[in-house]
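A structural walkthrough
Next come the chains, spelled out residue by residue.
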Amino acid sequence: MWGVQKMQQQQHVETKIVMADPTALGVFGLAMVTFVAATAKLHWTNGVTFLIPWAIFLGSLAQIWASTIDFKKNNYFGAVVLGAYGLFWMAVALHWAISLGWFGAIDMSKADPRQFGVACFGYFIFSLFVMVAAFEVNKAFAAMLVLINILLPSLALASFGIAPELCGVLAAWSEMAIGLIGFYSAGAIFLNSFFGRVVLPLGAPFGFIKKGTAQQIAAAAGVKA
């Protein structure tokens, strides 16, 4: 009996489900929400009411779901980055909903829109670190992070009333470019993974910073190799 149980446990381990790479879905979510949001900033569409579903489901849930899978797969970059930007878009969606009065009338004496700008600056600081890592992932991701680091401070400065017209233009076109590069990246990752070879190139890493060995990486993370 004990031998049968042991065999069943071994079979269970051997048949462990291997989860697919969720990066294409996460990047598509980011691409979709930035693409749609950019049309409002460029005045091709009007208002943010109908942007909220895209921010919640594509910008937020798609990226957060992909992040959880990446955590399980020990994909450090995808797990942290997709999770962080997914939470950003959830916060943006709620910011828009509150501004539209979905949760009741707003007491403007207790509401300061500049807090959104402060949050954008906070994400800008984080994104500078992410950009350094993105340079060593591929050129497409590096380009997206450079553009994100134009978008975020532009949104922050505009919310503070500093050169709002210029910052608005920078934010609009950088966000549109993020969306377009994101579509290409998501499509490339999808096709490359499906066919098991490079169909659409993402660009080799720049190689500015050399990654450490497995032992060095473990030591940096504070764990034993």
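First, a word on scope: everything that follows refers to the structure included in this document. (Residues numbered from 1 in each chain as written. Predicted model: local features only at pLDDT ≥ 70, side-chain atom pairs only at ≥ 80, totals over all residues. Heavy atoms only, no water.)

Regarding the packing of aromatic side chains
- In total, this model carries 16 aromatic pairs according to the counting rule given.
- Aromatic pair F77 and F141: ring centres 6.3 Å apart, planes at 15°, arrangement stacked. Of this pair, F77 sits in helix α4 (residues 76-99) while F141 sits in helix α6 (residues 139-159), and the two are 64 residues apart along the sequence.
- Aromatic rings pair up to connect Y85, F88, W89, W96, Y123 and F126 into one cluster.
- For the cation-ring pair, K139 lies above F206, with the distance from its terminal atom to the ring centre recorded as 4.8 Å. (Phe/Tyr/Trp six-rings, centres within 6.5 Å; stacked < 30°, edge-to-face > 60°. Helix = DSSP H or I, 4+ residues; strand = E, 2+ residues; numbered from the N terminus. Lys NZ or Arg CZ within 6 Å of the ring centre and 35° of its normal.)

Considerations on the pattern of salt bridges
- In total, this model carries two salt bridges according to the counting rule given.
- The closest approach of N and O atoms between E175 and K41, which form a salt bridge, is 2.7 Å. Of this pair, E175 sits in helix α7 (residues 164-195) while K41 sits in helix α2 (residues 23-41); the two residues are 134 residues apart in sequence, bridging distant segments of the chain.
- Between D112 and R114 there is a salt bridge, and its shortest N-O distance comes to 2.8 Å.
- In this structure D112 comes out as partly exposed when scored by relative accessible area, which is 30%.
- The partly exposed category is assigned to R114, whose relative accessible area is 47%. (Salt bridge = Lys/Arg side-chain N within 4 Å of Asp/Glu carboxyl O. Buried < 20%, exposed > 50% of the residue type's maximum accessible area, 1.4 Å probe, protein only.)

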